[in-house]
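# An overview of the molecular structure
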Amino acid sequence: MAGKERAVAVLLQALQGLAPQDFQEFKKKLSKVRVEGEWNIPKDSLAKAAHPCALASCMGESYSEGAAMDVAIGLFKEMNQRDLAEKLLDEKVKEYKRKYREHVVREFLWYKEVNSCLGENLSVSSRYTDLTIARRPRSKHGGEREAVGTSRGCADAGNGPATITVTAQTLFKPDEDGQTPQVVVLVGAPGMGKTMTVRKVMVEWVEGTLYAQFDYVFCIDCRDIVFTKEASVADLVSKCCPHRRMPTGKILDDPEKILFIFDGFDALGFSLLQPEDELSSDPREVKPLETTLMSLLKKTVLPESSLLITTRPTALQSLGRCLEGEYYAEILGFSAAMRKEYFHRYFENDNKADVAFRFVRGNEILYSLCIIPIMSWTICTVLEQELYKKKNLVECSKVTTRMSMFYLSRLMKCRGRDNPQDLQQFLHKLCSLAADGVWKHKVLFEEKEIKDRGLDQSELLPLFLNEKISKKGVDHGNIYSFTHLHLQEFFAAVFYVLEDDEEMVGDSGALAKDINMLLDSYSKSRKDLNLTVRFLFGLVSQKSIEYADEIIGCRISPRAREDMLRWLQGRHGGISHPSQALKVSELDTFHFLFEMNEKSFAQSALGRFTDIDLQDVRLTLYDQMALSFCIRQWAGLGCVTLRGCSFDQQDPGEELATSAPRSGAAGAGGRPLAEWWQEELLSPIHPLCWALRHLGSDLRVLRLRWCRLSESCCAELAALLAAHPSLARLELGDGALGDAGVRLLCEGLRQRGCRLRVLRLWYSSLTSACCEDLAAVLGTSPCLEELDLSFSEGLRDAGVKLLCEGLQRRTCQLRTLRLGSCRLTGACCRALAARLVDSPRLTCLDLSDNELGADGILQLCQQLRHPACQLQTLGLSTSGLNEEALQELAAVRALKPDLKIGYLLAQDEPQAGAMARLPCHRGVLPGAGGQEGAPLL
């Protein structure tokens, strides 16, 4: 039933309740009614309305819905028909409540983001993600409450009353003492989600899932009323309502059923200190806006109503003087789980959300910054653009610095664009504060320091710093902190490259802009400066310089680039020998170059180096991307060695979905995005191998020792072998490869493009099951000269016999076969002995640390005497051999003095960090067996 039809029906029911004489009196009074702005009932129409049904229809046709009800209520009161008047008023309130809820849905359910297309609106319900909110116990004395408003929650919580984690849904629920909050102050820095939370509260109240104890929730945007000079409480309520004829009196008569929300209280900016005798107690009394608001806060008007006030920390001090018994709740941001949920809500596509979240999870800095909702939005916005352009994030160049600058531009919006010089000066002072704090390990700043630096600018300061009341009390001034420690480090880096204004030059108290001192301090001892240095490289990229000038309106100087280049080129010193390879052994070098993301700069920085040597490093996805970027620019890279490193794929302890992702969107190379996503999930070294395949690469040696490689890694390595003709040596020392992994490697070894000469597979948990594939490779590979399967205890005699089948083929090019510590016995020696004669290219055979027994040794010696045997080196463990075997070895040595016989296992032991990742071994490490270092016979 439409609103007007419902009003006529209710009016008819009331008129039917009148006695005949009362009905006539109602008509008589109605004939004298004149309603401004409405059609009045013609006298002839009124005369014809002889019964209630006709009169109700006549009133409905002549008046608007609200006017008809108001006229009837007024006439009933004049006739002393109080019950009927009250009944109509109740119906009017009920109808108005319905209309108000519809209005709230229209106003709050849909919103438009900054980067939305024309006509594109988003639903609060689909986008809003729960925030972590900490609530303090209720305040007993205004202005003496514990400090709130710190960057990572209530920093001093351990020294004061305990905080309680709540949600927007539980803000007005009784506390542990049974006290129901009547006033709640929700505090949050800019971008923490205060307004979004208010929108969610309004929508859920309409849906009936939140704050059902309130009949009305009125949201007053303080930015909209800041220029209002005078108003009553009723006026403020009317601003929230869509209709002129609202039943204000009836609504305000039940104040305990009303919740007032003041969103953005800090925007008001005026003093709320008003004389007590000027405060109002009448909700209809018009007073200066300050007085009316103070009356609500002080509870002199509508004392039973509830208040929810959202504010930045800057307004806490003035609020504290007005309120009593209030609760403080601080938005701390997204928890780890909620960060992931936000990504899924933003992208609305599980595959894209997973790709984006894994990218951010692999970058600990970005992941940490995502605790701030506006930073999560910033990062999602940038990654969405990257996925649209490139379909994947393997080459994403929007690194930490660029995202931080984009965040800064969102905060600034239009502020300072009209007067860029003021903005430049403010940023310089802010960045000087940040840098000074970073040098001194300082994250909290006193109010005096803020004023001394000229940062007390009400429009700009709250965008960057949180304000909180000092624990020492109001009289000691406020203390300030950056919204997040990483943002302080970002602004500290900006300090070193932001161009000086004339007013700042010659400031004797300012921190010196000595980039070389910063870099030297980092190299020597100040590793806590890592992120500041990383931001520094990102800021001096050409793209960052242009972005800062065009979008943010500040000037960054490129002069530091040469100093930074020299520092990078000289930091990997310690070369003791002119022929010794120049190695990059610090992962942060790749971080710095990736942050700058300029190919020419990376080429200049890496040009003098030939090797990568990283040890015991947990490579996050961000690390791998940084490493891959540098490798692609590095023409002179000849050797990559990773020892005891691990490749992260996902959150620690978190299992991603293993079911096949949905197909649909195109991915890398035209493949479905889901297929690319699945490949990344299954192959931890995909970014590394993909980078090593770049055109112009001169890679010759790849060592991945104790890196916990999976079967899928072998597929990547096989593709690399097939596509990289310069790769001559591959060393893998890992117990996770297994037979299946080796089979995949063999596929790559059989490809025409493979030119591998040395293959070392240590601790690879091989059994005889893979030896048939290896034998096939030995028989077909035109280049493979050395195969090292040492410490493959599962190989045993059966596996060696299969390998020998490959050795006997004429096309076999193998010169060195190492089978040390493979638990071999004399049973395999007959097959090996035969190959000593049949394989003229075989010059080195290592059987060290195997219990071959006297019979096995004698079989080998018999063939070693043969003139066709070209073996030059034989590795054996001689402990435990009987006299006959030792004499036979001595005789062979006398016959062939150039033949070297002895213990050959290399002394390349796993590092401490890798030991725990090795499979259970029988206690034999390289060099075990009692013959380590023994001279060759």
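Residues numbered from 1 in each chain as written. Predicted model: local features only at pLDDT ≥ 70, side-chain atom pairs only at ≥ 80, totals over all residues. Heavy atoms only, no water.

When helices and strands are counted, the chain shows 39 helices and 27 strands. When the 937 residues of the chain are sorted by exposure, 56% land in the buried category. Sequence separation of 24 or more characterises 78% of the internal contacts of the chain that already satisfy a separation of 6 or more. Split by element, the accessible area of the chain, about 39,300 Å² in all, is 48% carbon and sulfur. (Helix = DSSP H or I, 4+ residues; strand = E, 2+ residues; numbered from the N terminus. Buried < 20%, exposed > 50% of the residue type's maximum accessible area, 1.4 Å probe, protein only. Contact = heavy atoms within 4.5 Å. Areas by Shrake-Rupley, 256 points an atom, 1.4 Å probe, with all protein chains shown as cover.)

Attention now moves to the packing of aromatic side chains. Here the structure, examined in full by the defined rule, presents 37 aromatic pairs. Plain terms: the ring middles of F357 and Y367 are 6.1 Å apart, the flat faces sit at 75° to each other, and that makes the pair edge-to-face. Of this pair, F357 sits in helix α15 (residues 350–361) while Y367 is found in helix α16 (residues 364–369), placing the two residues 10 residues apart along the sequence. Each member of the pair F357 and Y367 is classed as buried. A ring pair is formed by F537 and F601, whose centres lie 6.4 Å apart and whose planes are at 75°; its orientation type is edge-to-face. Here the residue F537 occupies a position in helix α24 (residues 530–539), and F601 occupies one in helix α28 (residues 599–606), the gap between them amounting to 64 residues. Assessed through its relative accessible area of 0%, F537 is described here as buried. Taken together, the ring pairs in this structure connect F334, Y342, F343, Y346, F347, F357 and Y367 into an aromatic cluster. (Phe/Tyr/Trp six-rings, centres within 6.5 Å; stacked < 30°, edge-to-face > 60°.)

This next bit is on the packing of helix α36 (residues 829–838) against helix α37 (residues 853–864). Look at α36 against α37: their axes get within 8 Å of each other, and the N-to-C directions meet at 10°. Accordingly, the angle class assigned to the pair α36 and α37 is roughly parallel. Side by side, α36 and α37 meet where C829, R830, L832, A833, A834, L836 and V837 of the first sit next to G856, Q859, L860, Q863 and L864 of the second. (Axes fitted to C-alpha atoms, helices over the stretch in contact; angles between N-to-C directions. Parallel < 35°, antiparallel > 145°, perpendicular 65-115°, else oblique.)

Chain-level pLDDT for the chain is 80 on average; 83% of the residues reach the 70-or-more range. Within the chain, the lowest mean pLDDT, 39, falls on helix α39 (residues 912–915), and the highest, 95, falls on strand β8 (residues 258–263). Low pLDDT (under 50) marks residues 140–161, which in the prediction has 61 contacts with non-local residues, meaning those over four places away or in another chain. Every residue in residues 650–681 scores below 50 in pLDDT, and together they form 61 contacts with partners more than four places removed in sequence or on other chains. (pLDDT = per-residue confidence, 0-100.)

Turning our attention to the sheet that holds strand β15 (residues 583–584). A sheet is described by the order of its strands in space; here 11 strands give the open sequence β15-β16-β18-β20-β21-β22-β23-β24-β25-β26-β27, paired in parallel fashion. Strands at the two margins of the open sheet, each flanked by one partner only, are β15 and β27 (900–902). As judged from the five bridges shared by strand β18 (residues 639–643) and strand β20 (residues 701–705), these two strands associate in the parallel manner. In the sheet register, T641 faces β20, and the bridge partner there is R703. (Pairing = 2+ DSSP bridges.)

Here the focus is the pairing of strand β3 (residues 132–135). Strand direction decides the pairing type here: β3 and strand β11 (residues 327–333), joined by four bridges, are antiparallel. Bridge pairing in β11 places I133 opposite I331. As paired elements, β3 and strand β4 (residues 164–166) share three bridges and run antiparallel to each other. Opposite I133, over in β4, you have V166 as the bridge partner.

This next bit is on the nonpolar core. Of all hydrophobic cores here, the largest spans 266 residues; its most connected members are F260 and F343. At 10 residues, helix α19 (residues 420–439) tops the list of elements feeding residues into this core. (Core = buried A, V, L, I, M, F, W, Y, C linked by side-chain atoms within 4.5 Å.)

Here we take up a negative patch on the surface. Together, E276, D277, E278 and E324 give the surface a local cluster of negative charge. Secondary-structure assignment places E324 in the loop between α13 (316–320) and β11. (Patch = residues over 30% accessible without salt bridge, like charges linked within 9 Å, V, L, I, M, F, W, Y side chains within 5 Å. Salt bridge = Lys/Arg side-chain N within 4 Å of Asp/Glu carboxyl O. Lys, Arg positive; Asp, Glu negative; His and termini not counted. Charge placed at Lys NZ, Arg CZ, Asp CG, Glu CD.)

To continue, consider the packing of helix α23 (residues 515–524) against helix α26 (residues 561–570). Put simply, α23 and α26 touch, their axes get as near as 10 Å, and they point 25° apart. The orientation of α23 with respect to α26, classified from their angle, is roughly parallel. Classified by chirality, the crossing of α26 by α23 is right-handed. Between α23 and α26, the contacting residues are I515, N516, L519, D520, Y522 and S523 on the first element and D563, M564 and W567 on the second. (Left-handed = near helix turned anticlockwise from the far one by under 90°.)

A word on the environment of Q425. Examined against the element boundaries, Q425 turns out to sit in helix α19. A sequence separation of 75 residues divides Q425 from D500, and the C-alpha atoms of the two residues are 8.4 Å apart.

A cluster of nonpolar side chains, V443, L444 and L485, forms an exposed patch at the surface whose accessible area comes to about 210 Å². Summarising the element assignment, V443 is placed in the loop between α19 and β12 (445–446). In this structure V443 comes out as partly exposed when scored by relative accessible area, which is 42%.

On to the pattern of salt bridges. A full pass over the atoms with the stated rule returns 38 salt bridges. With a shortest N-O distance of 3.8 Å, D215 and K97 are connected by a salt bridge. Taken together, the residues span a long stretch of sequence, with D215 in the loop between α8 (194–207) and β6 (216–221) and K97 in helix α6 (residues 82–108) at a distance of 118 residues. For D215, a relative accessible area of 24% gives the class partly exposed. For the salt bridge of E786 with R818, the shortest nitrogen-to-oxygen distance reads 3.2 Å. In this pair, E786 is assigned in strand β23 (residues 786–788) and R818 in strand β24 (residues 816–818), connecting sequence segments 32 residues apart. Three or more residues joined by partner-sharing salt bridges are found here, namely R703, R705, R729, E731, R760 and D788.

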